[in-house]
Amino acid sequence: MPSTWLITGATSGFGRLVAERALADGAHVIAVGRSRDRLADLSDRAPRGQVTPVALDITAPDAQDVLAAAVQAAGGLDVLVNNAGYGLFGAVEQIDADEARAVFDTNVLANLTVLRATLPALRAARGRVVQTSSLVGQSAWASSGLYAASKGAVELFSEALAHELAPTGVKVTVIEPGTFATDFAANLRVVAPNDVYAPTVGKFLTDFSELPPEAFGDPVAVADAITAVTALEEPPLRLAVGADAVEHIRASLRSRLAELDRWESFPEGARAAQPAL
């Protein structure tokens, strides 16, 4: 029996590629995106009835009800690819409350909305959840603070979710892509740095804008990884995709371990002040 997938951000980037992969494998895809034209294009390229297009802003107040109704109409759900989101670059101090709230509304709170709408059906099917994060979901650099914080939030509540769902048979995987040649930049919001942050945020933004095309990986690799991980009996909780993601995350983890080792040099009284949990 063909599986049913729900993919948010299905009209472009990783979401579109994953949708095409799932359709090629015969799945029924509930494709969620804001662009009706792009959803129609996806539907037109697939066999009749294989795509259920859902034109929706997932931050809308009725998003949970709309998504739950789509899943019910499809007769259930086997795979969720919770992919919708956007990037925000700028100095932490310079990103105002509205910008900060907006990126968390989309990348974090709407992600939770999608989970609430789909998890009852996924539990019934002992299904798979794929959460799209980023290499900056593990650590941050100058300019990525608020975006990294939103992806870090997804990483941590997804880890808790994996533990909570373990008895039900639902498996959760967080995908951490590196730098790939998608239309991410088209949806990227950038807050230009002032003089204070020009040497850090400004330098990063300049360096990033000057990266050659060969610095960006083929996004098909991410779509392939997502497709493959949903088929594993015991998928990993986290999966970094791309050499830069693996290198960046490994360096971050080494740095954290080094910070832990520094604790050994603290006075014995300070180290003994808090008992181990």
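Data block above holds the structure.
Note that the structure is predicted; figures quoted are calculated from it, not measured.

Right, let's talk about unusual backbone geometry for a bit. One non-glycine residue, R126, lies in the positive phi region at around 50°. Tracing the backbone shows R126 in the loop between helix 4 (97–125) and strand 6 (128–132). Even without being glycine, S143 reaches a positive phi, approximately 95°. For S143, the position within the fold is in the loop between strand 6 and helix 5 (145–165). Looking at S143, the relative accessible area reads 4%, which means it is buried.

Let's shift gears to helix 2 (residues 36–45). Among the residues making up helix 2, those that are buried are L39, L42 and S43. Projected onto a plane normal to the axis of helix 2, the buried residues spread over an arc of 100° and lie on a single side. Looking at helix 2, the residues exposed on the side facing more than 90 degrees away from the buried face are D37, D44 and R45. For helix 2, the secondary structure elements touched by its buried residues are helix 1 (13–24), strand 2 (28–33) and strand 3 (51–55).

A sheet is described by the order of its strands in space; here seven strands give the open sequence 3-2-1-4-6-7-9, paired in parallel fashion. Single-partner strands in this sheet number two, and they are strand 3 and strand 9 (238–241). Direction aside, the axes of adjacent strands within the sheet are offset by 15° on average. Pairing analysis gives five bridges linking strand 2 to strand 3, with the strands arranged parallel. Note that in strand 3 the partner of V32 across the bridge is V54.

On to the packing of aromatic side chains, then. Counting across every chain of the model gives seven aromatic pairs. Seen from their ring centres, F204 and F208 are 5.8 Å apart, and the 25° between their planes marks the pair as stacked. Separated by four residues within a single helix, F204 and F208 lie in helix 6 (residues 198–209), roughly one turn from each other. A residue is classified by how much of its surface remains accessible, and F204, at 17% relative accessible area, is buried.

The next point concerns the environment of D37. As for its position among the elements, D37 is in helix 2. The class for D37 is exposed, based on a relative accessible area of 64%. Linking D37 and L211, residues 174 residues apart in sequence, is a C-alpha distance of 31 Å.

What follows is about the packing of helix 3 (residues 63–74) against helix 4. Running from N to C, helix 3 and helix 4 point in directions that differ by 25°, and their axes come no closer than 8 Å. By the angle between their axes, helix 3 is roughly parallel relative to helix 4. When you trace helix 3 past helix 4, the crossing you get is right-handed. Residues A63, Q64, L67, A68 and V71 of helix 3 pack against T113, V114, R116, A117, T118 and A121 of helix 4. In terms of residue class, the contact of helix 3 with helix 4 is made up of seven nonpolar, three polar and one charged.

This brings us to the packing of helix 1 against helix 2. Where helix 1 meets helix 2, the axes come as close as 11 Å, and the angle between the chain directions of the two elements is 20°. Classified by the angle their axes make, helix 1 and helix 2 are roughly parallel. Pair helix 1 / helix 2 crosses with right-handed handedness. Every residue of helix 2 that contacts helix 1 at R16, A19, E20 and L23 is listed here: R38, D41, L42 and R45. Broken down by class, the residue content of the contact of helix 1 with helix 2 amounts to three nonpolar, no polar and five charged.

Here we take up the pairing of strand 4 (residues 79–82). Covered by surrounding structure in strand 4 are V79 and V81 together with L80 and N82, the residues of both alternating faces. Relative to strand 4, strand 1 (residues 4–8) runs parallel, the two sharing three bridges. Along strand 4, the bridge assignment pairs L6 with L80. In this sheet, strand 6 lies alongside strand 4 in parallel orientation, the contact comprising four bridges. Counterpart to V79 in the pairing with strand 6 is R128.

Our next topic: the nonpolar core. Judged by nonpolar contacts, the single largest core of 29 residues is most densely connected at L6, V32 and V129. Contributing elements (two or more residues each) for this core: strand 2, helix 3, helix 4 and helix 5. The biggest single contributor to this core is helix 4, with eight residues. Among residues more than four places away in sequence, those in contact with L6 are I30, V32, L67, V71, L77, V79, L80, V81, V114 and T118. Ranked by size, the runner-up nonpolar core spans 27 residues in total, among them A10, L42, V51 and V79.

Calculation notes
- Residues numbered from 1 in each chain as written.
- Predicted model: local features only at pLDDT ≥ 70, side-chain atom pairs only at ≥ 80, totals over all residues.
- Heavy atoms only, no water.
- Helix = DSSP H or I, 4+ residues; strand = E, 2+ residues; numbered from the N terminus.
- Buried < 20%, exposed > 50% of the residue type's maximum accessible area, 1.4 Å probe, protein only.
- Arc of directions from axis to C-beta.
- Contact = heavy atoms within 4.5 Å.
- Pairing = 2+ DSSP bridges.
- Axes fitted to C-alpha atoms, helices over the stretch in contact; angles between N-to-C directions.
- Phe/Tyr/Trp six-rings, centres within 6.5 Å; stacked < 30°, edge-to-face > 60°.
- Parallel < 35°, antiparallel > 145°, perpendicular 65-115°, else oblique.
- Left-handed = near helix turned anticlockwise from the far one by under 90°.
- Nonpolar A, V, L, I, M, F, W, Y, C, P; charged D, E, K, R; others polar.
- Core = buried A, V, L, I, M, F, W, Y, C linked by side-chain atoms within 4.5 Å.

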